[in-house]
Amino acid sequence: MIYDVSIWAILIFLFFVAAVLGLSFYFGAKTKSAASYYAAGGTIHWGVNGVAFAGDYLSAASFLGISGMIAFAGYDGFIYSIGYLAGWVVALFLVAEPLKRLGKFTFTDALDAKFNSRAIKLTASISTLIVSIFYLIPQMVGAGDLVVPLLGLPHWAGVTIVGAIVIYIVATAGMTSTTFVQFIKGALLIIFSTILTIYIINNGLSLKPTEDYHDFATITAVVEDGTVTEIESDHFILKNQVTVEDKTFVLLDDEGFDMWFKLEKDDAGNTYLTEALSIVITADGERLYNGAPRSEERFHQVGHPSRIIHNGEEVESTGPLGPFEFLKVIEDSEIVIFKREIFDYGDDRVYVFYQNPTPGTDIMKPGMMLKVGDDGTFWDKVNFLSLMLALFFGTSALPHILIRYYTVPSQRAARKSTIVAIAAIGFFYILTLYMGLGAMVGGVNDLESSNMSSPLLARSFGIGIFSIVSAIAFATVLGTVSGLIVASSGAIAHDFVDMYLRVQMTDRQKVMAGKLAAFGVGIFAIILGILFKGMNVSFLVGLAFAVAASANLPSILAVIFWDKTTHKGIAASIITGILSSVIIILLSPSMFERYGLHPADAPIPFDNPGIISIPLSFIMVIVVSLLTQKKAT
Amino acid sequence: MLHGPAAELGVDYASKQKTRLGLILFLVYAVLYGSFVIIGLSYTHLLELRVFAGLNLAVVYGMGLIVLAAVMGYIYSLICTWMEDKMEREAKK
C-alpha cells in the first residue's frame, strides 16, 4: 500500500510540468545573446534572485534527503541543515560582492579576471564540471525515488523524465527560465513545507499514528541454550533461527509467507519475539518483502512512539502541540527506530529491519548515525569534523550557486539577494526538523528509501497535499538540476570551448554551443542517476560539497584576499583539490560498499575528504604562488 | 581577453570597509560554529542539557546558528548600505 498511484497526484504533476515548460518556451523566444543565456542579462531583481537562490539551493538533498535522514537518524540529519545554512555565512561575508565585481558569466571568469590565464580557464572549467556532476547525481537519484509513488513508474523512468524536461528548460532559455523556475519552486517549497509542519504539530504524537497502522506482533518464546524451541502462537509456525553477533533472528511461517522476528529478553528474564520487516533477495534475484512480492503489500510503512510523555504523564496521544512543545514531547518520549541487519540465509541475502525503542534524548542529539562523543572512534570523529568543514566551506564554492551572482545588476543586489536566500533557506531548514521527526513518529516511513519520508508524510494528511508536495518535490529537482546544467554548459561551452580553446563564434553560436553542452550533460546525468539508485541523496550532496570546498574555495579566497596569488597557484590548488577529494571519496568505506566490497577493507577509513583535501588545496595555492612570484624589476 | 562583470557596475567606494566588516562577522560566526562542532565532537553529553522551553542545547544551539546567520546577514547589509551611501556622498563632494 505504500505506493498506490493517485490520479490527482498525476494531474497536479502534469500541471507543474506544463507550467514549467510553458515558462521555458516563453523565455526561450527572448534568449538571443550569451549574456541572456548564461546570466539572464544581469537584470534579475534581488528579491526574485534571493528566492531563486533558495529554489536553486534547496535541492532534493534538502527536501528529501535531510528530512529522510532526520526521520531515520534523528538529530544527525539536522546537523546537515545547520552545516548547509552556515555555509551561506561564508558566501555572504566573504564571497558574494567580490565575486560579483570580478565575474562575467561563470565562476571561471571571476577566478581568471585578474590573470587571463589558460591554465585557470582549463582547471576551473573542469572543476565546475566535476562538482556539478557530483551534485547532479543525488538530484537525479531523488527524481527517480519520487516518481515511484507519484506516477507508479520505475526509478529509471523518473530519472529519464527529469533529464528530458531539464534539458528542454535549459536548452530553450538558459538562465532566465531557470531563474523563474527556481523562484516559483523555492516559494512553493517553503509555503507547503510550512503547511506540512502545521499539520504535524497539530496532529501531535499518538501510539497508533494512522488508522491503518500495522499492529506489530509480540510472541512469547521458550528458549533453551540460546535456541528458540517453542512459541506461544496458534497463527505462526516456528521454522528456524539465525544469530548475527549478539542478535538472534527467528524465522516464522505466516500462512505460507516467511516472516522474521527478533528474539528479545526483558529485565525479568522473559523471552519473546518482536515482529520485524524483511527484504529477501533470492538467489535468482527476486525481491521478497515480508515473504512476498512488493505488490502483495505485506511491507508496511513504519515509525511510531512506544511511550509518549506529555506534561510529565504517560499518554496514548497528545493532541495538538505547540512548535517547541512538539520537540520537547519527542525528547521526553521513546520512539521505535527500525535498525537494519544484513545476513545470508542459505542462498538468500536477508535484510531485516527490527524494532529498536530509542529514548527521545538520544534522538535529539548527535550520535545515531554520526558516531561522536564516547561512542565514536578516532576515525568517526575525523569523519564528523570533515563533514562539518565541507558543509561550512562548500556552499560558497558551488559553481551553480555562484553563477546566480551574475544575474543581478549590482553588488548591493548580490548582497541583498543573499540575505533573502539565508532567511528563506534558514526557515526551511528549521522546518526540516519538524518534517523529519513528523515522519519518524507518523507511521509513514518506507524502510527501503529514506528519501521518501516527506512526501509519504504528506500523503498521510490527505491525497491533495501529497499531490502538491510531490509535484513541488519534483519541481525541486527540476530547479536545481536546471541550475547545475546551466553551470555545466557554461563550463564546457563558455569556459572551455570559447575561452580556453578560443574557438571563434558569433554570439548566436555561443548560445548554440551552450545548448548542445546542456544536452550532453543532461544525458550523462540521466545515466548517473540510474546507476546510483538507492543512496541517500543528502549523503551524496555532502560529498559534492567536499569536492567544491576543496577544488574551488581556496582559489576563490586567494584571488579575493591575497595580492600575491598567481595563476599557477590557482591552477595547482584546483587540481590538488579535485584529485585529493575525488581519490579519497573513491577509496572510502561508502564507495567500497557501493562496489560490492566490504567497507572495512577500504584503504581510507572515513567518507568525507574535506579535512584533508581543503587544507591541502589551501597550502598548494600559497606555496605555488610564493614559488612563482614575478621578480620585481 | 579580460572580462568585465555581466552588468555595468558603479564605483564601490566602500569596498575595503565592507571587506573588513565581512571578515569580522565571518570570524564571529566561525567561532560559534566551531564551538558547536567541538561540543558535538567531544562533549556530546552537554548537548543533552535542557536550556530553553524544555529543549536541549543541541536543538537550541542548532536553531540558534540558523537564526543568527539571518540576523547577522541583515545587520551586515544595513551597515554596508549605510557605508556605501555615506562614502558615495563624500566622494561626490
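Bear in mind the structure is a predicted one, so any value in this text is a computation, not a measurement.

Trainee: Whenever I open this one, the overall build of chain B confuses me. Can you help?
Mentor: Looking only at helices and strands, chain B features two helices and two strands. Seen in sequence order, chain B has helices and strands lined up from the N terminus as α-β-β-α. Each of the 93 residues in chain B was classed as buried or not, and the buried ones make up 41%. Summed over all atoms, the accessible surface of chain B reaches about 5,100 Å², with 68% contributed by carbon and sulfur.

Trainee: What is the right way to read helix H18 (residues 553-561) of chain A from this model?
Mentor: Residues spaced three or four apart along an α-helix face the same direction, because each turn holds 3.6 residues. For H18(A), the tally of buried residues reaches eight of nine residues, placing the bulk of the element in the interior. Residues Leu553(A), Pro554(A), Ser555(A), Ile556(A), Leu557(A), Ala558(A), Val559(A) and Ile560(A) constitute the buried set of H18(A).

Trainee: It is not clear to me how the side chain of Gln301(A) should be interpreted in this structure. Could you clarify?
Mentor: All names here are of chain A. Summarising the element assignment, Gln301 is placed in the loop between strand S8 (287-289) and strand S9 (304-310). Under the relative-accessibility criterion, Gln301 is labelled buried at 10%. For Gln301, the side chain forms a polar contact with the main-chain oxygen of Val444, separated by 2.9 Å.

Trainee: Is there a simple way to explain the interface of chain A and chain B in this structure?
Mentor: Where interface size is given, it is often the accessible area lost as the parts come together that is meant. Listed per partner, the contact involves 57 residues of chain A and 51 residues of chain B. In total, about 4,800 Å² of surface goes out of reach between chain A and chain B, with carbon and sulfur atoms giving 69% of it. Taken together, the connections running from chain A to chain B amount to seven salt bridges. Across the pair Asp85(B) and Arg412(A) runs a salt bridge whose closest N-O atoms are separated by 2.8 Å. For the pair chain A and chain B, the number of links is twelve residue pairs in polar contact (both at pLDDT 80 or more). Going through the elements one at a time, helix H5 (75-102), helix H9 (323-332), helix H11 (378-394) and helix H13 (411-441) of chain A are the ones with two or more residues in the side of chain A that touches chain B.

Trainee: When you look at empty space enclosed by the protein in this model, what are you seeing that I'm missing?
Mentor: Empty space left among the atoms is revealed by rolling a probe the size of a water molecule over them. One pass over the full model with this rule turns up four cavities of 30 Å³ or more. Roughly 100 Å³ of volume is contained in the largest cavity. Lining the largest cavity are 13 residues, and of these Glu97(A), Pro98(A), Lys18(B), Thr19(B) and Tyr76(B) sit closest to its centre. Of all the secondary-structure elements, those providing two or more residues to the lining of the largest cavity are H5 of chain A together with helix H1 (15-42) of chain B. Of all the elements, H5(A) adds the most residues to the lining of the largest cavity, at seven residues. A class-by-class count of the residues in the lining of the largest cavity yields seven nonpolar, two polar and four charged.

Trainee: Hey, could you run me through the side chain of Ser625(A) in this one?
Mentor: Its location among the elements puts Ser625(A) in helix H21 (residues 610-627). Judged by its relative accessible area of 0%, Ser625(A) is buried.

Trainee: Whenever I open this one, helix H14 (residues 453-460) of chain A confuses me. Can you help?
Mentor: Among the eight residues of H14(A), seven are classified as buried, and the element is accordingly described as predominantly covered. Three or more residues of H14(A) are buried, namely Ser453(A), Ser454(A), Pro455(A), Leu456(A), Leu457(A), Ala458(A) and Arg459(A).

Trainee: What am I meant to see in the nonpolar core here?
Mentor: If you look at the biggest cluster of nonpolar residues, it comprises 184 residues, and the most contacted ones within it are Tyr84(A), Trp88(A), Phe326(A), Leu327(A), Tyr429(A), Leu437(A) and Tyr33(B). It is H5(A) that contributes the most residues to this core, 19 residues altogether. Not counting residues within four places of it along the chain, the set of residues in contact with Leu437(A) comprises Ile70(A), Phe326(A), Leu327(A), Ile330(A), Ile363(A) and Met364(A).

Trainee: Sorry, what's going on with the sheet that holds strand S12 (residues 348-359) of chain A here?
Mentor: In sheet architecture, strand pairing relies on hydrogen bonds along the backbone and comes in two forms, parallel and antiparallel. Residues and elements named next belong to chain A. Pairing in this open sheet of six strands is antiparallel, and the strands run S8-S7-S12-S11-S9-S10 from one edge to the other. Two strands in the sheet have a free side with no partner beyond their single neighbour: S8 and strand S10 (313-315). On average, each strand axis in the sheet is tilted by 25 degrees relative to the strand beside it, whichever way the strands run. Of the pairings in the sheet, the one linking strand S7 (residues 277-281) to S12 comprises five bridges and is antiparallel in character. Paired with Leu277 across the bridge in S12 is Phe353.

Trainee: Honestly, the pairing of strand S6 (residues 271-275) of chain A in this entry has me stumped. Any pointers?
Mentor: Each regular strand carries side chains that alternate between the two faces of the sheet. Residues and elements named next belong to chain A. With four of five residues buried, S6 is to be regarded as a mostly interior element. Pairing analysis gives five bridges linking strand S5 (residues 257-265) to S6, with the strands arranged antiparallel. For Lys265, the partnering residue across the bridge sits in S6 and is Thr271. Hairpin connection between S5 and S6: a loop of five residues separates the two successive antiparallel strands, and Gly269 in this loop has a positive phi of roughly 90 degrees.

Trainee: What is the right way to read the packing of aromatic side chains from this model?
Mentor: Two numbers describe a pair of aromatic rings. These are the distance of the centres and the angle of the planes. All names here are of chain A. The tally for this structure, following the rule as stated, stands at 29 aromatic pairs over all chains. Residues Tyr57 and Trp88 carry aromatic rings whose centres are separated by 5.1 Å and whose planes lie at 80 degrees to one another, so their mutual orientation is edge-to-face. With Tyr57 in helix H3 (residues 46-57) and Trp88 in helix H5, this residue pair connects regions lying 31 residues apart in the sequence. A single burial state applies to Tyr57 and to Trp88, both of which are buried. An aromatic cluster is defined as three or more aromatic residues linked by ring pairs; in this entry it consists of Phe53, Tyr57, Tyr80, Tyr84, Trp88, Tyr135, Phe428, Tyr429 and Phe545. We note Arg294 situated over the ring of Tyr289; from NZ or CZ to the ring centre the distance is 4.8 Å. Against the face of Phe466 rests Arg459, its NZ or CZ located 5.9 Å from the ring centre.

Trainee: What am I meant to see in the confidence of the model for chain B here?
Mentor: Low pLDDT marks stretches whose predicted atomic positions should not be read closely. Residue-level pLDDT values for chain B average 86, and 89% of them are 70 or greater. In this model residues 1-5 of chain B is a low-confidence stretch, pLDDT under 50, and it forms 14 contacts with partners more than four residues away in sequence or in other chains.

Trainee: Quick question: what am I supposed to make of the sheet that holds strand S2 (residues 227-231) of chain A here?
Mentor: Residue and element names in this part refer to chain A. One open sheet holds the six strands; their spatial order is S2-S1-S6-S5-S4-S3, and the pairing between them is antiparallel. Among the strands making up the open sheet, the edge pair consists of S2 and strand S3 (237-244). Each strand of the sheet is rotated relative to its neighbour by a mean of 40 degrees, with strand direction disregarded.

Reading guide: rules and limits
Residues numbered from 1 in each chain as written. Chains lettered and ligands numbered in written order. Predicted model: local features only at pLDDT ≥ 70, side-chain atom pairs only at ≥ 80, totals over all residues. Heavy atoms only, no water. Helix = DSSP H or I, 4+ residues; strand = E, 2+ residues; numbered from the N terminus. Buried < 20%, exposed > 50% of the residue type's maximum accessible area, 1.4 Å probe, protein only. Areas by Shrake-Rupley, 256 points an atom, 1.4 Å probe, with all protein chains shown as cover. Polar contact = N/O pair within 3.5 Å; in protein donor to acceptor, adjacent residues only side chain to side chain. Contact = heavy atoms within 4.5 Å. Buried area = accessible area lost by both parts, 1.4 Å probe. Salt bridge = Lys/Arg side-chain N within 4 Å of Asp/Glu carboxyl O. 1 Å grid on protein atoms, 1.4 Å probe; cavity = no way out; pocket = protein on both sides within 12 Å on 5 of 7 lines; lining within 4 Å. Points joined across faces, edges and corners; volume = space filled by probe spheres on them. Nonpolar A, V, L, I, M, F, W, Y, C, P; charged D, E, K, R; others polar. Core = buried A, V, L, I, M, F, W, Y, C linked by side-chain atoms within 4.5 Å. Pairing = 2+ DSSP bridges. Axes fitted to C-alpha atoms, helices over the stretch in contact; angles between N-to-C directions. Phe/Tyr/Trp six-rings, centres within 6.5 Å; stacked < 30°, edge-to-face > 60°. Lys NZ or Arg CZ within 6 Å of the ring centre and 35° of its normal. pLDDT = per-residue confidence, 0-100.

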